[in-house]
Structures are given as structure tokens and as C-alpha cells.
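Read off the chains here:
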Amino acid sequence: MKFDLEAYLTFSSNIVNIRKDVDEVIQNINKKIFNDKKKIDKWDVDKNLLHLHIFSTLSSSRPHSLLLQIKNMLSRELGRKHHIGVREIGIKKYRIDFELEKKPLKKVSIPFADVRIDGKLVTMYIHDVDEDFVRKNYIDRMINLVREKVEQQYYEGKTEFWRLIWRSEEKKPVWSKDPTEEMIRLGWLKQGPTKGKWFYGPKAAALLRAMEMIALNEVLHPLGFQEVVSSHIVPFDIWLKTGHLEGMPGEFYYVAEPCSRDVEKWQRFIDLTKITKEVPMEELKNNLSIPSAGICYAQCPVIYWFFKGRTIAEKSLPVLVYDRTAISNRYESGGRHGIERVDEFHRIEPVYIGTKEQLLDLRDKLIERYKHVFNNILDLEWRMAWVTPWYMQQAGKNMEKQEEEQETGTIDFEAYLPYRGDRDKSEWLEFQNLSIIGDKYVKAFNIKTQKKELWSGCSGIGLERWTAVFLAQKGLKPEYWPDGFKKYLEKLPRDIKFL
Ligand code: SER
Ligand code: ZN
């Protein structure tokens, strides 16, 4: 890497008269901390400004970080002798040259810099930025972002990573209709008042709740999981930590708080509503704040927040909790279909925090319990596969799963949907996942225990997905349902008749 930096330091008073001392401090800095590969090679004094030119060819000593060191040394030395301090530092011009591993496939641009790429060589130009910019480490992240964007170009269009782990035997489906359409026809289900959401009548609701009871009684409670009740609304700082904010900003439902609850402030809105019997949108805009939170996207981020900064006693490990209260909302736009691809879904999310050994052991036990449910209770045709971990995708990284020992990563549970056609040609539905995340989130939320290293993970149990898969294979008639399931839902509630 090569760095070429023109910076300035503003002093509390004119330094022209103490130029000799300034020169001496700089020569000292050059001698003591710097060397041939990094140094202040030119400088000039103009009233209370000191202009510096720093260059470095070491990727470990980046002039923008050296700048803060220089500021401190000058402040210390000149402060002692002349009671003059450095008010602020800034960058006038900065050129950074670095090499990429691969040639970009198309143009790359980032905010705050002009980026030019020739083959694998990148030149990044930054102009006129202040101390805050330097201090907050934007520059290193900008360099990383260029690298990441080029990496990303190589993954676009590549088929997703997928490796089969296990596959059940083939099962003969009782029908091949799309259960959502049938349920709508029969009045069990109605498209919700806003897009991508459903209203589940008594029969459909009973199905979702039966699935929930199965997950609780057959998987979570036998393994010792305890219920927590989480909040639906997720402030942005939580998503900043998990990476969701940079990963899927286009998929959140954003939450806007009113600017005030004072009726006075809403008076015009109320009056307009009374007169027009319409929503006064312009007036509404004036009365709302910009969102600083969104509706739950997955439950685990808020569960991690609960443990944030805490030290968990070893005897409480592994922590096994689940939330079934927060409803997940994702803006799916064009992707919606039936009850299996929706903007709003009901899910139980177990989260586990423990040592690596505890979590690898738990994964085996969870898989065993899930197998029991899908084989013995729901009697499904399904399979398990390693896939690109959701926590990479949701953090905006589209890397393939590294071929390590599969200690961390995501397993998808997929089921055959007969209405989509041939079992070998059609796309199966992911109806469940299970992940071991490693230390990514415990680190991000600073969750600790005595001595040992912690890992975490989560598993998404989507009630709509379980229901969609079950009905697609087993139909809507209880007489064809497997006995294991009938124990949970022997007969469907009665209908509401409409005339
Ligand atoms: N957090 C995981 C996901 O979003 C599991 O629910 O898929
Ligand atoms: Zn999760």
C-alpha cells in the first residue's frame, strides 16, 4: 500500500515565531517513531496553521492514524514550552494506493472518495475531511468497502452454496394442490388488510397453534428451553451491531414515532380528518419523526440485546431461551406467495449461548428432536442441507460457506411441495433453519462468562412454513393426517358461516 497525505493542524495561536521549535518536534517525531517507510517529509507554517505532508508505504502505519499521534506529540511539546495547543486537524488531500486480490468486474464507487481502478490497482482520492472523519476510522472502512465490493462482484450470479446432509425417504403426498388457494376458497384464510399478510380464521389459526404446541412440547421444552417475551420494535443500534442495517435496509418495516402526543400539535390533522374523511398525509408527515427503529425482522437481535454487556454465570450455561411473541415482518415485495412467502410471519426463535462444546452438542440434540417431529409427527418428505449462513446474508455479505469442519454455519430444513411439480426438479421450501454462529454476536454485544469463550446460535421455527409444508403434503382433510399430528389437532374448529 502507498499513502500520500496532505494534512493541516490548526494551533491555538500563531506559530510562525516558534517555527524552530516546531521543526525540532517534527524532526524528533521522524527520528523516534518514523523511519524510511513512513515519515513527515515536508511541512510548512502559515500563521496558526501547520501543513504536513506524510507518506507511508507500510499498510500497518497509515498516515491518517499517525496524524492523531502527531497531533498529541505537538500538543504536548509546544504546550509545555509555549502554552500553544492544537485545536484541530484535517485532511486537505489524501491519495491511497492499494492492490486488490482480483480485478473488479465492473466499476466500483463509494461515498467520500473518488476511486479509480486500473487492473488490480486502486487509487483512492479523499479531499477536505475533518478530524472527526479521521478519528472515527472512516478511512480504513472505506478501503475495506472497496475490497468487499469487488469480492461481492464475484459472488453475484453464482449459485448459492448448498450441500445435502440428509434426506428422508420419498412419501406419497395425498394431493398436489396449493393449500393457500384451497384455504382461501374454503374461507379458512383471507388475504390481510395490507399486502403480504394474512388473516387466519379459526381453522387456519388452529393449525398454526398446533404447530406451535408441537415445537414447544416435542423440541424446546424437552431440551430445557425457557420462554422469554421480547419486544417487537428494534432500535437501529441493535441492527447496527448484528449487521442487519447494512444487510437488508430494503426489507424492514420502519417505525416512525409521533413528534409529540400533544393534542394541540395534532389539531390540524384531526380537523382535516373530520372534514375530508381522508388521511391528511401532508399533515401526517409534519407530525412524524424520522424512524429510528423497525419492526422485528428476526427475534434473535433483541434477545442478544437482553444479554448485552452481561457476564453469564457458568452454571447458567448453556443459556437456552426462545421467543414466540414478536412477529417478524419483512418487506418481500415481488417475492410473496401464499402463506409460505409473506411480509408478516409467526415464528418461535430459540437462541442458545454457551461454550463451543455445549453448542455443538446442542445442535445434535436439536436435530434429533426436529427429526422426530418431521418424521414421526408430521410425517414429511424433507431434507437438510448446509447453506450460506443467514447471518452472512443478513449482514450484507454473500460469501459462500467456507469448507471448514462445519462447526459454524446454517442448516436449512427443506420440504417437498407437491404443488410445485416434480420432486427432483421443483424448488423445495425452506421451512426451518438452525445456525451455530460462533462468537460473532456474543462479541458484538459483549456477552461474556467467567474464563471461557462463548458461542451462540439460533434456529427459526416458522409456523406458517411448517403449516404450508404439512398441508401441501397431507392436504386439508383431517382423516388423511398422520396420527402423531392428530394428537395435537384431532378436529378442526367449526366454521363461521357467511350468507
Ligand atoms: N435469525 C435467523 C433468521 O433470520 C433465525 O430465525 O433466519
Ligand atoms: Zn436468529
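Our structure's up above, just so we're on the same page.
Residues numbered from 1 in each chain as written. Chains lettered and ligands numbered in written order. Predicted model: local features only at pLDDT ≥ 70, side-chain atom pairs only at ≥ 80, totals over all residues. Heavy atoms only, no water.

Student: Help me understand the coordination of the zinc ion (ligand 2) in this model?
Tutor: For a metal bound by four donors in tetrahedral geometry, the ideal donor-metal-donor angle is 109.5 degrees, whereas six donors in octahedral geometry ideally sit at 90 or 180 degrees. The coordination sphere of the zinc ion (ligand 2) contains the protein donors C300 (SG), E349 (OE) and C458 (SG), at a distance range of 1.9 to 2.3 Å. Note that the zinc ion (ligand 2) binds four donor atoms; their angles at the metal cover 96 to 123 degrees, and the shape is tetrahedral. Residue classification places E349 among the buried positions, given a relative accessible area of 2%. (Donors = N, O, S within 2.8 Å, 3.2 Å for Na, K, Ca; no water. Tetrahedral: all angles 85-135°; square planar, octahedral: opposite > 155°, others 65-115°. Buried < 20%, exposed > 50% of the residue type's maximum accessible area, 1.4 Å probe, protein only.)

Student: Would you mind showing me how to read the site of ligand 1 here?
Tutor: For ligand 1, the full set of nearby residues is A298, C300, R330, R347, E349, W390, Q394, N433, C458 and G460. Between ligand 1 and the protein, one listed contact pairs an oxygen atom with a side-chain N or O atom of E349 at 3.2 Å. Here an oxygen atom of ligand 1 and a side-chain polar atom of N433 are 2.9 Å apart. In isolation ligand 1 has 230 Å² of accessible area, and contact with the protein removes 96% of it. A class-by-class count of the residues in the shell around ligand 1 yields four nonpolar, three polar and three charged. (Near = heavy atom within 4 Å. Polar contact = N/O pair within 3.5 Å; in protein donor to acceptor, adjacent residues only side chain to side chain. Areas by Shrake-Rupley, 256 points an atom, 1.4 Å probe, with all protein chains shown as cover. Nonpolar A, V, L, I, M, F, W, Y, C, P; charged D, E, K, R; others polar.)

Student: I keep staring at unusual backbone geometry and nothing clicks. Help me out?
Tutor: As a rule of thumb, non-glycine residues mostly have phi less than zero, and peptide bonds are mostly trans rather than cis. Residue L317 is joined to P318 through a cis peptide bond whose omega torsion reads -10 degrees. Even without glycine at this site, D379 takes up a positive phi of about 55 degrees. With respect to the element layout, D379 can be found in the loop between α12 (356-377) and β19 (382-387). Although it is not a glycine, N446 adopts a positive phi angle of roughly 55 degrees. Examined against the element boundaries, N446 turns out to sit in the loop between α14 (440-444) and β22 (448-449). (Helix = DSSP H or I, 4+ residues; strand = E, 2+ residues; numbered from the N terminus.)

Student: Any chance you could explain the side chain of T449 here in plain terms?
Tutor: Relative to the elements of secondary structure, T449 occurs in strand β22. A polar contact is formed between the side chain of T449 and the backbone oxygen of I312, at a distance of 2.6 Å. Beyond its immediate stretch of four places on either side in the chain, T449 contacts T311, I312, A313, E314, L317 and L454. (Contact = heavy atoms within 4.5 Å.)

Student: Hey, could you run me through the environment of G309 in this one?
Tutor: In this fold, G309 is placed in the loop between α11 (300-307) and β14 (311-312). Put simply, G309 and F133 are 176 residues apart on the chain and 27 Å apart in space, counted from C-alpha to C-alpha. Residue contacts for G309: discarding those within four places in its chain leaves F445 and N446.

Student: Explanation requested: helix α2 (residues 63-82) in the structure shown.
Tutor: Since the α-helix packs 3.6 residues into each turn, any two residues three or four apart lie on the same face. Given a rise of 1.5 Å per residue, 20 residues ought to cover 28 Å, and the 26 Å separating the end C-alpha atoms of α2 matches this to within 8%. Those residues of α2 not exposed but buried are P63, H64, L66, L67, L68, I70, K71, M73, L74 and L78. Looking one or two residues beyond α2, the residue adopting positive phi is H83, at roughly 55 degrees. (Expected span 1.5 Å × (residues − 1).)

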